[in-house]
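Given next are the chains, with one letter for each unit.
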Amino acid sequence: MIATIQPSTLSGDYFAPPSKSDSHRALICAALANGFSFISPLAPSEDILATISALNALDANIQLQEEKAIVSGILDKPTDHIRIFCNESGSTLRFLIPIVAAYGIEAVFTGAGKLPQRPLNLYHEQLDCKGISLDKLENEELPLKVKGKLQPGSFELAGNVSSQFITGLLFALPLLNGDSELKIISPLESKPYVDMTITTLHRFGIEITEKDMCYQIKGGQTYLPCSYTVEGDYSNAAIFAAAALLSEQGIVLSGLSNRSKQGDREILELIKKFGGSVTNVSEDSVKVAKGELHGIAIDAAQIPDLVPILAVIGTFAKGKTHIYNAHRLKIKESDRLTAITQALYTLGADISCDDDSITVYGGKRLHGGVVSAYNDHRIAMSMAIAALVSDGEVLIDGAEAVNKSYPQFFNDYNRLGGRADVRLG
Ligand SMILES: O=C(O)C1=C[C@@H](OP(=O)(O)O)[C@@H](O)[C@H](O)C1
Ligand SMILES: C=C(OP(=O)(O)O)C(=O)O
């Protein structure tokens, strides 16, 4: 699909869609609980549908009704052999591998897009000696056959590859018949996502303690069903917060808890640092509007998903914006460092990147052109915001990538005054 976008200004009232990360966690915890849980709101993005399909393959019974899921948990040990298609969802894949291992189920995991090239090395290193065999069936990470019964004990993981490996083990280890500990042996990046996991586990009756970056997990714990309200998604709302920086009237962003553990709520502090206007309206809504924007330095270690839209804001801001500690962006749905740099460069931005950082000198308008989404939802959405300040139309090739996390993106974009025409290309 191709999105053809004319320059415009977005303004008005925006309501954040449910958080993809929070939704994954709630669905998995509910599926591991014996009894009925109710989860709402839910948005049927490709990633969330992948997790629902995977959990139903594990004999959980998840019924989606409009924007709500009714989940009855996995009954004892589900079937012995299953195939789990994770589509392009790294969360689905990395969260479910330890869970399948905890149940002793033989499973073949498959995926699409770049997922077969995204690393699983930490599981190969840590699960092989805990009763689990992980066999690559072809020459990439997927298809992957997982076999064996996960044993409790001591695990050691690096903190600078993906926090998703830690989350996956935190879901599974409480189910085992013995205690475990999970030592993080290098500085933990994307730590807010692990904090989100622990918060959601607590809501479903599972307790994890942590001291000196070592997580202690008691075995024999029982997930308890509950009614769970999914938070608004800061990662996707950040796209419209950036758009608001181009608008005198601004945008009121609602449905975003000011007590959220989502790391990407940092977007509001960063917008203030850029010189944008941020005004609290209520506990769950904030108004963002135009300000005198100047370049800033940004440590991306804890907020990787914000980097594409931060680079776009950098093109708005006068002077230098430098985003560093961003090396992990190379192993997302695209090599996001190269993708966002190339796409903005195509529209005339003064931008460059290396293996760990992006530098952009902003303050001048961009020009129109044709850019790729690189099969990456966050690149597609970020470039739709860059199009707002381009002299001339911008065509985003592969705009359907937004469906991975935010199928309603272009509807919301146009409702706020955007001029995006999305057609099969
Ligand atoms: O746990 C999660 O929900 C996520 C963790 C992050 O990955 P990393 O931990 O690999 O940075 C993030 O990029 C991803 O979109 C969602
Ligand atoms: C990388 C992302 O998700 P995942 O790792 O779940 O594929 C994302 O949503 O930007």
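What you see is a predicted model, and the numbers here were worked out from it, not measured in a lab.

**Q** How would you sum up the overall build of the protein chain? Please name residues and give values.
**A** Counting its regular elements, the protein chain contains twelve helices and 24 strands. Relative to the globule expectation of 22 Å for 425 residues, the C-alpha radius of gyration of the protein chain, 21 Å, shows essentially globular dimensions. Across its three principal directions, the C-alpha atoms of the protein chain cover 60 × 45 × 40 Å. Accessible surface for the protein chain amounts to roughly 15700 Å². Of this, 50% is attributable to carbon and sulfur atoms. Each charge class in the protein chain can be summarised by its mean position, and for the 38 positive and 49 negative side chains these summaries are 2 Å apart.

**Q** Explain the sheet that holds strand β19 (residues 319-324) to me, using residue names and the numbers behind them.
**A** Taken together, four strands build an open sheet; the order of strands is β18-β19-β21-β20 and the sheet is mixed. Strands at the two margins of the open sheet, each flanked by one partner only, are β18 (297-299) and β20 (350-353). Shown here is a sheet whose adjacent strand axes are inclined to one another by a mean of 10 degrees, direction ignored. Relative to strand β21 (residues 358-362), β20 runs antiparallel, the two sharing four bridges. Note that in β21 the partner of Ile351 across the bridge is Val360. Across the sheet, helix α9 (residues 307-316) lies against β18, β19, β20 and β21, angled at about 30 degrees from β21, the strand it touches most.

**Q** Can you lay out the pairing of strand β12 (residues 208-211) for me, pointing to particular residues and giving the numbers?
**A** Here β12 runs beside strand β13 (residues 214-217); their pairing, made up of four bridges, is antiparallel. Across the sheet, the residue bridging to Lys211 is Cys214, located in β13. Counted between consecutive antiparallel strands, the loop separating β12 from β13 contains two residues, among which Asp212 sits at a positive phi close to 50 degrees.

**Q** Explain the packing of helix α1 (residues 20-31) against helix α2 (residues 46-57) to me, and be specific about the residues and the numbers.
**A** Between two packed helices, the angle of one axis relative to the other and the distance separating the axes together describe the packing. The interhelical angle for the contact between α1 and α2, taken along N-to-C directions, is 10 degrees, at an axis separation of 10 Å. In terms of their interaxial angle, α1 and α2 are classed as roughly parallel. Judged by residue contacts, Lys20, Ser23, His24, Leu27, Ile28 and Ala31 of α1 engage Asp47, Ile48, Thr51, Ile52 and Leu55 from α2.

**Q** Tell me what's going on with the site of ligand 2, and back it up with residues and numbers.
**A** Among the 14 residues in the neighbourhood of ligand 2, the closest are listed as Lys20, Ser91, Arg118, Arg378 and Lys404. Taking Ser91, its side chain carries an N or O atom lying 2.6 Å from an oxygen atom of ligand 2. Here an oxygen atom of ligand 2 and a side-chain polar atom of Arg118 are 2.8 Å apart. In isolation ligand 2 offers 300 Å² of accessible surface; the protein chains occlude 98% of this area. Among the cavities detected, the one that contains ligand 2 is the largest cavity. Class assignment for the residues of the shell around ligand 2 results in no nonpolar, five polar and nine charged. When residues are assigned to domains, the shell around ligand 2 turns out to be shared by domain 1 (2-17 + 232-423) and domain 2 (20-221), each giving three or more.

**Q** Can you lay out the site of ligand 1 for me, pointing to particular residues and giving the numbers?
**A** In the region of ligand 1, 13 residues are neighbours, and Ser162, Ser163, Ser190, Asp305 and Lys332 sit closest. One of the side-chain N or O atoms of Ser163 is found 2.5 Å from an oxygen atom in ligand 1. Within the side chain of Arg328, an N or O atom sits 2.7 Å from an oxygen atom of ligand 1. Its free accessible area being 380 Å², ligand 1 has 95% of it covered by the protein chains. Because more than half of its atoms lie within 2 Å of the grid, ligand 1 is assigned to the largest cavity.

**Q** Describe in detail empty space enclosed by the protein, supporting the description with residues and values.
**A** All told, the structure shown has six cavities of 30 Å³ or more when counted by the stated rule. The computed volume of the largest cavity comes to approximately 360 Å³. The wall of the largest cavity is formed by 31 residues, among which Ser21, Ser91, Gln164, Tyr193 and Asp305 lie closest to the centre. When its residues are assigned to classes, the lining of the largest cavity shows four nonpolar, 14 polar and 13 charged. For the lining of the largest cavity, the two domains that each supply at least three residues are domain 1 (2-17 + 232-423) and domain 2 (20-221).

**Q** Report on the UniProt feature "binding site: 3-phosphoshikimate" (unreviewed entry) in the protein chain, specifying residues and quantitative values.
**A** On the UniProt side, "binding site: 3-phosphoshikimate" (unreviewed entry) is annotated at positions that read Lys20, Ser21, Arg25, Ser162, Ser163, Gln164, Ser190, Asp305 and Lys332 here. Lining of the largest cavity among the annotated residues: Lys20, Ser21, Arg25, Ser162, Ser163, Gln164, Ser190, Asp305 and Lys332. Structurally, the position occupied by Arg25 is in helix α1. For Arg25, a relative accessible area of 2% translates into the label buried.

**Q** I'd like to hear about the packing of α1 against helix α6 (residues 191-203), residue by residue, with values.
**A** Following both chains from N to C, one finds α1 and α6 inclined at 35 degrees, their axes separated by 10 Å at the closest point. Here α1 runs over α6; the crossing is right-handed. Counted together, Ser21, Asp22, Arg25, Ala26 and Cys29 of α1 and Tyr193, Met196, Thr197, Thr200 and Leu201 of α6 form the full contact between these two elements. Taken together, the residues that form the contact of α1 with α6 break down as five nonpolar, three polar and two charged.

**Q** Describe the domain arrangement of the protein chain, and please don't skip the residues or the numbers.
**A** When the parts of a complex come together, some accessible area is lost, and that lost area is often taken as the interface size. Taken domain by domain, the protein chain holds domain 1 (2-17 + 232-423) and domain 2 (20-221). Distance from the C-alpha centre of domain 1 to the C-alpha centre of domain 2: 29 Å. Considering only the surface of domain 1 that becomes buried against domain 2, Lys261, Ile331 and Lys404 emerge as the three largest contributors, covering 31% of it. Inspection of the region where domain 1 meets domain 2 yields 16 residue pairs in polar contact (both at pLDDT 80 or more). Its residues placed into classes, the side of domain 1 that touches domain 2 shows five nonpolar, ten polar and eleven charged.

Scoring rules and cut-offs
- The numbering scheme is per chain: residues are counted from 1 as the chain's sequence reads.
- Going through the entries in the order they are written, you letter the chains from A and number the ligands from 1.
- Only residues with pLDDT of at least 70 are given local features in this predicted model, and only at 80 or more are side-chain atom pairs given and counted; all residues enter the totals for whole chains, interfaces and linings.
- The basis for every side-chain value is the complete set of non-hydrogen atoms in the structure, without hydrogens or water.
- Put simply, DSSP marks the helices as runs of H or I at least four residues long and the strands as runs of E at least two long, and each gets a number from the N terminus on.
- Note that the radius of gyration is over C-alpha atoms, with the globule rule given as 2.2 Å times the number of residues to the power 0.38.
- To be clear on the numbers: accessible area is Shrake-Rupley with a 1.4 Å probe, and residue cover counts the displayed protein chains and nothing else.
- Neither His nor the chain termini are counted; the positive set is Lys and Arg, and the negative set is Asp and Glu.
- Working definition for charges: the position is that of NZ of Lys, CZ of Arg, CG of Asp or CD of Glu.
- Two strands form a pair only when DSSP identifies at least two bridges running between them.
- Every axis in this analysis is a line fitted to C-alpha atoms, fitted for helices over the stretch in contact. Angles between the N-to-C directions lie between 0 and 180 degrees.
- We call two residues in contact when some of their heavy atoms are within 4.5 Å.
- Orientation labels follow simple angle bins: below 35 degrees gives roughly parallel, above 145 gives roughly antiparallel, 65 to 115 gives roughly perpendicular, and whatever is left gives oblique.
- A single heavy atom is enough: if one lies within 4 Å of a molecule or strand, its residue is considered near that molecule or strand.
- Between N or O atoms, a polar contact is any pair within 3.5 Å; within protein, one atom must be a potential hydrogen donor and the other a potential acceptor, and residues adjacent in sequence are included only when both atoms are from side chains.
- Using a grid of 1 Å spacing that covers the protein atoms alone, one calls a set of points a cavity when a 1.4 Å probe fits there but cannot get out, and a pocket when the set is open and has protein on both sides within 12 Å along at least five of seven lines; lining residues are those with an atom within 4 Å of a point.
- Whether a molecule sits in a cavity or pocket is decided by its atoms, more than half of which must lie within 2 Å of the grid points.
- The classification used treats Ala, Val, Leu, Ile, Met, Phe, Trp, Tyr, Cys and Pro as nonpolar, Asp, Glu, Lys and Arg as charged, and all other residues, Gly among them, as polar.
- For each domain, the first and last residues come from an automatic or database assignment.
- Grid points are joined across faces, edges and corners, and a volume is the space filled by probe spheres set on the points.
- UniProt positions are given in the numbering used here, feature names are shortened, and annotations may be inferred rather than shown by experiment.
- The classification of residues rests on relative accessible area computed with a 1.4 Å probe and restricted to protein chains. Under 20% of the type maximum is buried, over 50% is exposed, and intermediate values are partly exposed.
- The handedness criterion is simple: a crossing whose near helix is rotated anticlockwise from the far helix by less than a right angle is left-handed, and one whose near helix is rotated clockwise is right-handed.
- Buried area is understood as the total, over both parts, of accessible area removed when two parts are fitted together, assessed with a 1.4 Å probe.

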